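The lines below spell out each chain.
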Amino acid sequence: ISEEDALKFVTLNPAKLLHLDDRVGSLKVGKDADVVLWSDHPLSIYAKAEKTIIEGVTYFDLARDIQMREAIKKEKSELINLMLQENSVLFMLCITIGFAQQTPAPKQTKDFAIVGATAHIGNGTIIENSIIIVSNGKITTIRPEGSTPITRQVIDIIDAKGKHVYPGFIVSNG
């Protein structure tokens, strides 16, 4: 089985089975901006998901995750030290309780562009050095970077040079 067909098993094919392929499963103008920005080809053992975006909202950002992990580690250490100083009987209970975890960022209302990535459309088409513009949670533009300039104000630009953008994966939890 080809890599492209393997990736369709978690992108376009389930979207078709769920009759959602008009909204998700591939990168196309008018579809929901459900994308994953990868550090490398997603089938590589070295690949990391750097951003997960659903309907234009960033639900996971690796850089933000690293910052949060450091903040949680610091807070946990401070709480443990305070509890040790107080000789609290709750100490053992509290260290077994999980601390904060990453939650979605506030809903984005601004447009953004993912610039410079290799865009894997989902139907076998690959656009090197692409521009993907998202407005109101929908893909409004997907094209090679140098073809035409961005004609409207884009507030946030995600520099994705050397990265790969794929449609979001559809995974059943059942």
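For the structure itself, look to the data block above.
Rules used throughout
- Residues numbered from 1 in each chain as written.
- Predicted model: local features only at pLDDT ≥ 70, side-chain atom pairs only at ≥ 80, totals over all residues.
- Heavy atoms only, no water.
- 1 Å grid on protein atoms, 1.4 Å probe; cavity = no way out; pocket = protein on both sides within 12 Å on 5 of 7 lines; lining within 4 Å.
- Points joined across faces, edges and corners; volume = space filled by probe spheres on them.
- Helix = DSSP H or I, 4+ residues; strand = E, 2+ residues; numbered from the N terminus.
- Nonpolar A, V, L, I, M, F, W, Y, C, P; charged D, E, K, R; others polar.

**Student:** Help me understand the layout of surface pockets, please; the structure alone is not making it clear to me.
**Tutor:** The probe, sized like a water molecule, is rolled over the atoms to show the empty space still left. Taken as a whole, the largest pocket encloses approximately 210 Å³ of empty space. When contributions to the lining of the largest pocket are tallied by element, the ones reaching two or more residues are β1 (35-38) and β2 (49-54). For the lining of the largest pocket, the residue count by class is 9 nonpolar, 3 polar and 1 charged.

**Student:** Even after reading the chapter, I still don't get empty space enclosed by the protein, so can you show me in this structure?
**Tutor:** Tallied over the full model, the rule gives 1 cavity of 30 Å³ or more. Along the walls of the largest cavity sit Glu-4, Leu-7, Lys-8, Thr-11, Gly-122, Tyr-166 and Pro-167, which together make up its complete lining. Mapped onto the lining of the largest cavity, the elements with two or more residues apiece are α1 (3-8) and β10 (164-167). Of all the elements, α1 adds the most residues to the lining of the largest cavity, at 3 residues. For the lining of the largest cavity, a count of residues per class yields 3 nonpolar, 2 polar and 2 charged.

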